Structure formats: structure tokens, C-alpha cells
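Below are the chains, spelled out letter by letter.
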Amino acid sequence: MALVVELEDKIIGFLLGVIKDPGEFTVIKKIGVIESLFILEEYRQLGIGKNLMTYFSNWASQKKCERLSVLASYLNKRAIKFYKNYGFFDFDLILEKVL
């Protein structure tokens, strides 16, 4: 699903999300995954991101998803706070090594 927010013919934000099968190691059958969410800086804190999240959440629920998931950079504290305010919680930890 691609959601786009326009204002006066200018794209000011978007959300890209998909439904995935989380794999064989869980009892969850479907999960809604937010692949990308972005709002232009000058339009943040106006509820646009929350509205996009609500629309996607409702859509995923109608498609029988049991959870939502999003990957955020550890350094992106603002995004992490946004997602946690929307009800997301820490679940996985991905470790990387520079080669």
C-alpha cells in the first residue's frame, strides 16, 4: 500500500506498507510492515504521520493482520519516540559489523 499526502500539488509525506507472512517460527499468520514513512520537516507535528499510521493500521486490520512492524534506525530517536507513542514496542535487535 502506498499512501501519499499532497498539499497544493506538492507531496509532503508518504507511507509505504505491505503485508507479510512472518515465517514458520511464529504463530502469527500475517503482519503489516511499514517499509517507509516520511513527512517533510516543516509539516511534522501536525498529525499527518499519525493519520497515515491510523489509516495503514485500519487497512492491515481489515486484511486480518495480527501485528504491525517497523524498522527504525537506533540513532533516529525522534522516529522511535513517534512509533512508541503510537503503541509500538521493542521487539528485535539487529546487530551489524562494519567490514
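Fair warning: this is a prediction, and the values are worked out from it, not measured in the lab. (Residues numbered from 1 in each chain as written. Predicted model: local features only at pLDDT ≥ 70, side-chain atom pairs only at ≥ 80, totals over all residues. Heavy atoms only, no water.)

1. Considering the environment of Gly 32
Checked against the element boundaries, Gly 32 lands in strand β3 (residues 31-39). With a relative accessible area of 0%, Gly 32 lands in the buried category. Each C-alpha atom, one on Gly 32 and one on Lys 77, is 22 Å from the other, the two residues being 45 residues apart in sequence. (Helix = DSSP H or I, 4+ residues; strand = E, 2+ residues; numbered from the N terminus. Buried < 20%, exposed > 50% of the residue type's maximum accessible area, 1.4 Å probe, protein only.)

2. Overview of the packing of aromatic side chains
All chains considered together, the criterion is met by six aromatic pairs. Ring centres 5.7 Å apart and planes at 35° place the aromatic pair Phe 56 and Trp 59 in the tilted group. With Phe 56 and Trp 59 both in helix α1 (residues 48-62) and three residues apart, the pair spans about one turn of that helix. Note on Phe 89 and Phe 91: the rings are 6.4 Å apart at their centroids and 75° apart in plane angle, and the pair reads as edge-to-face. (Phe/Tyr/Trp six-rings, centres within 6.5 Å; stacked < 30°, edge-to-face > 60°.)

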